[in-house]
Amino acid sequence: QVQLVESGGGLVQPGGSLRLSCAASGRGFSTYTMAWYRQAPGKQRELVATFTSGGTTNYADSVKGRFTVSRDNAKKTVYLQMNSLKPEDTAVYYCNAGRLGETYWGQGTRVTVSS
């Protein structure tokens, strides 16, 4: 069993930056693919970025070059550095941990990009 707690959301102006954190508890953190998803009002949840247990990262086209996902296995934490934020990045951001047969979600942290 893995519990995930996100933090770092808030209100930021367009062009600004935020760093989200997702702290995990439980065993085997390093064996999970960690991912960030987001869900904007009235839209489906979408994948933002992933960081596999083997060290591979992938990003949605909409955030490439602006967002960076990283992880610290010793701290059982995954991060999402978000730069050059746009109003369309406004959403609730969710952390996900997954491996064969298992998937866990955090409760989400809200990011609002507005002037």
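Before reading on, note that the structure itself is shown above.
All figures in this text were calculated on a predicted structure; none of them were measured in a lab.

What counts as what
Residues numbered from 1 in each chain as written. Predicted model: local features only at pLDDT ≥ 70, side-chain atom pairs only at ≥ 80, totals over all residues. Heavy atoms only, no water. Helix = DSSP H or I, 4+ residues; strand = E, 2+ residues; numbered from the N terminus. Contact = heavy atoms within 4.5 Å. Buried < 20%, exposed > 50% of the residue type's maximum accessible area, 1.4 Å probe, protein only. Pairing = 2+ DSSP bridges. Phe/Tyr/Trp six-rings, centres within 6.5 Å; stacked < 30°, edge-to-face > 60°. Lys NZ or Arg CZ within 6 Å of the ring centre and 35° of its normal.

(A) Focus on the environment of Gln 107. Secondary-structure assignment places Gln 107 in the loop between strand E10 (102–105) and strand E11 (109–113). For the pair Gln 107 and Tyr 32, spaced 75 residues apart in sequence, the C-alpha to C-alpha distance is 18 Å. Once residues lying within four places of it in the same chain are set aside, the contact partners of Gln 107 are Leu 4, Val 5, Glu 6 and Tyr 94.

(B) Looking closely at unusual backbone geometry. With phi around 55 degrees, Lys 76 is a residue other than glycine that occupies positive phi space. Mapped onto the elements, Lys 76 comes out in the loop between strand E7 (67–72) and strand E8 (77–82). The backbone of Ser 84 shows a phi angle near 50 degrees, a positive value even though the residue is not glycine. You can see Ser 84 is positioned in the loop between E8 and strand E9 (91–99). Ser 84 sits in the partly exposed class, given a relative accessible area of 40%.

(C) Spatial organisation of the pairing of strand E1 (residues 3–7). Side chains Leu 4 and Glu 6 project from E1 onto a buried face, and the interleaved Gln 3, Val 5 and Ser 7 project onto a face without burial. Bridge analysis of E1 against strand E3 (residues 18–25) gives 5 bridges, and the strand direction is antiparallel. Across the sheet, residue Gln 3 finds its bridge partner in E3, namely Ser 25.

(D) Expanded view of the packing of aromatic side chains. Scanning all chains against the criterion turns up 3 aromatic pairs. Ring geometry for Tyr 94 and Trp 105: centres 6.5 Å apart, planes at 85 degrees, overall edge-to-face. Of this pair, Tyr 94 sits in strand E9 while Trp 105 sits in strand E10; the two residues are 11 residues apart in sequence, bridging distant segments of the chain. On the basis of relative accessible area, Tyr 94 is assigned to the buried category, the value being 14%. The structure contains a cluster of three or more aromatic residues connected by ring pairs, namely Tyr 37, Tyr 94 and Trp 105. A cation over an aromatic ring shows up here: Arg 45 above the ring of Tyr 94, its NZ or CZ 3.8 Å from the ring centre. The positively charged end of Arg 45 is found above the aromatic ring belonging to Trp 105, 4.6 Å away from the centroid.

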